[in-house]
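# A look at the structure
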Amino acid sequence: MASARNFHRVVCFHNPHKLYDRLRSRLYSRFHRRLNRFHSKFPSSSSGVGHVQPTGLKSFAKESSKRLSPRITGWVQLARFSQWKFQPRRPLRSTAKEAAKWALTTFAIFGITAVVVFTDKLWIVSKLDPENAHLVSVWAASLPQCIRWMAGLIETYDTVNIPELTTDLCGMTLSNCVGLAAGFDKNGECMTGMLDMGFGFVELGTVTPLPQKGNPQPRVFRLKDQAAVINRYGFNSDGHDRVRMRLESMSENAMDFRPGRIIGVNIGKNKTSKDHVGDYVKGVTCLGGFADYLVVNVSSPNTPGLRDLQGEKYLGELLTAVMKARDALPTRPKVDYKKRKDQRLAKWNKGLQYWMGFYLYDPETVSYSDVKRPALPPVFVKIAPDVDKQGLEAIAKVVMETGVDGIVISNTTIKRDFGWEHPNLHEKGGLSGRPVKGMSTRVISDFYRLTDGKVPIVGVGGIESGKDAFDKIAAGASAVQLYTGLIYRGPRMVPEIKAELALILAEKGYKNVAEAVGEAHRKT
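Quick look at the structure, then. Predicted, not measured: the structure shown is a model, and the values here were computed from it. (Residues numbered from 1 in each chain as written. Predicted model: local features only at pLDDT ≥ 70, side-chain atom pairs only at ≥ 80, totals over all residues. Heavy atoms only, no water.)

### A few points about helix α17 (residues 493–507)
When the terminal C-alpha atoms of α17 are compared, their 21 Å separation across 15 residues agrees well with the 21 Å that a helix rising 1.5 Å per residue should span. Check the buried side of α17 and you find it contacts β3 (178–180), α15 (466–475), β13 (479–482), α16 (484–489) and α18 (513–516). Gly509 sits one or two residues past α17 and shows a positive phi near 85°. (Helix = DSSP H or I, 4+ residues; strand = E, 2+ residues; numbered from the N terminus. Expected span 1.5 Å × (residues − 1). Contact = heavy atoms within 4.5 Å.)

What follows is the structure in C-alpha cells.
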C-alpha cells in the first residue's frame, strides 16, 4: 500500500494541477474532521466551529490558537494553504531539488557500491578482506530491484530466454541449466537478486538446525593467480527458523512467484551435534515444504567428522532416514502459473494504464503451460572430489538402493599437490576454483558410468566458461553450478557462459542440453 501511495505522489509531481486538486481536497477533509472532533469535545468554546467556512480560516486560526492543541492548530494553519493561489514554480522547484538530491544520494550509496562489487573490474573489492568482500557482495545482491537494475545486476533480455538451455532436472523445469552453488547465499538473503542475475537455479546454505558462527576468522583466502579460493567457514548459519521465514516469501504461494526459477537448500549438521541423522531430518522437515529441492551435504572438510558420513554404512543410514522424512512431507498442490501471471499483471497494469498509459511486460523465461514441478522436493547428496574409486562405487550403490533423486559433484578439495606454490596454498580448509575443474569432471564421468546415467548429476567445480560447462555436461552432468568464478569475473560471467554454451550446443547439432548429456560416453 505504501508503494502505491508513493507511486501516486510521483505521478502527481509531474501534473501540478492534479497535485493541487488532490492536496486541496485532502486538506479540507482532514481539517473538517479535526474541527468536528474539537466541536464534539468542547461544544461551549467552539460554537459554530463545525460550520466554519474556508473564508474564515485565517480569523479562526488566530482566535483559537490558544484554545486548540498544537496539533489541531497545525492542521488549521495547513488548511489555509487551500485558499492560496497555486504557484507551480516555487514549490515544484524546491520539490524537484529534494527529489533529485534523494535520487542522487540513493544511487551514490547503493548503485555505485553495487557496480563496484559486481563489475569485472573488482579492484576496490579485491582490497577488502575476502570475507568482508563476500558479505558486501551478498548485501549488494539483496538491494531493491530498481537499484540493481541501475547498477547492471539484472540480466538483459539478450540471454534471459535461451530455449536450448531449458531443461528438466528430477522433474523440475529449469529456465536454464546454469546455477549458483551453495556457499554464496548461505542464509537466503539474496535469492531473488541472484536469480535476476541470470542463474536458472540458486542453492542456499549450508543451513544448520541451530544458528552457529562457524570457525574463527580469518577463514577465507584468495589464490588469485590460480582463480581459486580456500575457505574454512565451518557451516556458519542463521539456523532453520530464520532461513525458513525468508523462503516463505519466495514460495509458490507468493503472488510474484515465477516458475523455472528454482531455489534449493543445502542442509547440514551443527558442529557440536551428536545426532547427525536427526539434524538432517530436521532440515528436511523444516525446510522441505519451501525448497524446490534439498541437498544433503556430507562432504565439507570444515566440520569435524562430516566426511566420515560418506562411508557406505553411515551414508546408507543417513539417506534412508532423509528419504523417509521427505516422503512424509505434505504434497504440493498444483498451481496454475498462467493464471497467477495474469493476476499479477492485471494488478499492476490497472494502475500503470490509468496513470501513465502503458502496460507492464513480463516475459516468460519458460512456457508456463509446460512447467513441471514434482509433488515432493527431490533429494540430492553432495560428495567430495577426493573420493577414491572404491568409495565412489560404494556411494553409487547406496544412492541407487536408497532411491535418492540425484547427486551433486563436487564439493571443495583438501588436496594440495598441484605442482605449483602460493603463500595461501597450505591454509587449512577446502579449495575451490580452477584447480578442481579436472578432478570434479573425472568424478562426474566415473559416477555416470557406474550408474549407467540413471542418476541425474549436477556438476560443480572450476567452471569459468561455456566450454567448461559443456565438458561437465558431456561427462554426464544434467546441470552445472558455479561460484568461485564470480569472485574474479563478476556477474557478467553468467550471461557470457550461457551464450557460449548455447553456441557450442548449436555447433554440435544439439537442440537442447538434455541431448548433450553424456556425450563423452557415447563416443567411447
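### Examining helix α11 (residues 312–327)
Helix length check: α11, at 16 residues, gives a terminal C-alpha distance of 22 Å against a target of 22 Å (1.5 Å per residue), a fit within 8%. Along α11, the residues classified as buried are Leu315, Gly316, Leu318, Leu319, Val322, Met323, Ala325 and Arg326. Where α11 is buried, its residues meet α10 (276–287), β8 (293–297), β9 (379–383) and α13 (389–402). (Buried < 20%, exposed > 50% of the residue type's maximum accessible area, 1.4 Å probe, protein only.)

### Here we look at the sheet that holds strand β6 (residues 228–231)
Paired through their backbone hydrogen bonds, the strands of a sheet run either parallel or antiparallel. Pairing is antiparallel across the open sheet formed by 3 strands, whose spatial order is β5-β6-β11. Because the sheet does not close on itself, it has two edges, and the strands there are β5 (220–223) and β11 (430–433). Each strand of the sheet is rotated relative to its neighbour by a mean of 20°, with strand direction disregarded. With 4 bridges joining them, β6 and β11 adopt antiparallel strand pairing. Bridge pairing links Asn231 to Gly430 in β11. (Pairing = 2+ DSSP bridges. Axes fitted to C-alpha atoms, helices over the stretch in contact; angles between N-to-C directions.)

### Some words on the sheet that holds strand β10 (residues 406–409)
A barrel is described by the order of its strands in space; here 8 strands give the closed sequence β3-β4-β7-β8-β9-β10-β12-β13, paired in parallel fashion. Going from strand to strand, the sheet's axes swing by 25° on average, the running direction of each strand aside. Here β10 pairs with strand β12 (residues 457–460) via 3 bridges, running parallel. Paired with Ile407 across the two strands is Ile457, which belongs to β12. Lying over the sheet, α10 contacts β4 (201–207), β7 (262–267) and β8, oriented at roughly 155° with respect to β7.

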